[in-house]
Amino acid sequence: MTDPTDSDTRLQPTEGRARTVDFLVNALQERISDGEFGVGSWIRQERLAEEFGVSRMPIREALHRLQALGVVEIVANRGARVKMPSMRDIAEAFEVRGVLEGHAAFRAARGCTQAEMDKLHLAGQWFEAAAEEARKGSNEKAKELWYKANELFHGTVIQASGNRQLSLSINALHHRMPRNLTWSALGGDPRLLSDNAEEHLRIADAIEERDSELARKLTIEHSARARELVEIHMGSQTQQG
């Protein structure tokens, strides 16, 4: 894979910098959504410039792009700080995600391969295993299994949709939300994890049965339920604060 900071004689300098900025935006979004940069933490331009082997200019441009996306806020004379999305941001993101992933499920039901179905079944087993580990009190194991299952399941549905633009749009939404939002809302609760597993299994069944409309409906309902749980969780956190 070509390093985006490498020179390319076919590109004008401004084009080369644009590619570098795109790479930095994606890399920083990944770190923020994965929780490597926690909400409220400061992002140090000097450290990033050194790590990526670039000047501060593309770092600064990338941070301004992230600010436009609502991921960070730039504070005068301080730098960039990871921003917690508002309740409205989260509600709107989940609503749009439900529509997009619902369409992905609709398309997947029409063209999913057996290999992709096998992945969905495997993810379903991991979801059920996560609920079982939570019942045993093994929350770390449950968390590890749930993350693996969630990434495999939704990634496979998007892949099976066969629509690259749909995939890019969904990934962009994911990057705007902290990665641990849904897990934090589930809270390691065995009942909630069991319900979550059942939702995924029903979506997989609809896809396997080639029922595209049902797959879309169940996926939208799944996203709406996740949004409700996150709103309840964030509301309780606000009250405690």
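Keep in mind it's a predicted model, so treat the numbers as computed, not measured.

The rules behind the values
Residues numbered from 1 in each chain as written. Predicted model: local features only at pLDDT ≥ 70, side-chain atom pairs only at ≥ 80, totals over all residues. Heavy atoms only, no water. Helix = DSSP H or I, 4+ residues; strand = E, 2+ residues; numbered from the N terminus. Buried < 20%, exposed > 50% of the residue type's maximum accessible area, 1.4 Å probe, protein only. Areas by Shrake-Rupley, 256 points an atom, 1.4 Å probe, with all protein chains shown as cover. Core = buried A, V, L, I, M, F, W, Y, C linked by side-chain atoms within 4.5 Å. Contact = heavy atoms within 4.5 Å. Axes fitted to C-alpha atoms, helices over the stretch in contact; angles between N-to-C directions. Parallel < 35°, antiparallel > 145°, perpendicular 65-115°, else oblique. Left-handed = near helix turned anticlockwise from the far one by under 90°. Nonpolar A, V, L, I, M, F, W, Y, C, P; charged D, E, K, R; others polar.

S.K.: Lay out the overall build of the protein chain in plain terms, naming residues and giving numbers.
M.R.: Looking only at helices and strands, the protein chain has ten helices and three strands in total. The secondary structure elements of the protein chain, listed N-terminal to C-terminal, are α-β-α-α-β-β-α-α-α-α-α-α-α. Within the protein chain, the fraction of its 241 residues that count as buried is 39%. Here the protein chain displays about 13,200 Å² of accessible surface, and carbon together with sulfur accounts for 47% of that area.

S.K.: Before we move on, could you go through the nonpolar core and cite the residues and values that matter?
M.R.: Formed by 45 residues in total, the largest nonpolar core has its most connected members in Trp-146, Phe-153, Val-157 and Ile-207. Contributions of two or more residues to this core are made by α4 (87-111), α5 (114-136), α6 (139-161), α7 (164-175), α8 (181-186), α9 (190-208) and α10 (212-240). It is α6 that contributes the most residues to this core, nine residues altogether. Setting aside residues no more than four positions away along its own chain, Val-157 makes contact with Ala-104, Ala-105, Ala-108, Leu-120 and Ile-207. One finds Leu-48, Val-54, Ile-59 and Val-71 within the second-largest nonpolar core, a separate group that totals 20 residues.

S.K.: So what's going on with the packing of α5 against α6? Which residues, and what values?
M.R.: Between α5 and α6, the shortest axis-to-axis distance is 8 Å and the interhelical angle comes to 160°. It follows from the interaxial angle that α5 and α6 lie roughly antiparallel. Note on packing geometry: the crossing formed by α5 with α6 is left-handed. Grouping the constituent residues of the contact of α5 with α6 by class yields 16 nonpolar, four polar and five charged.

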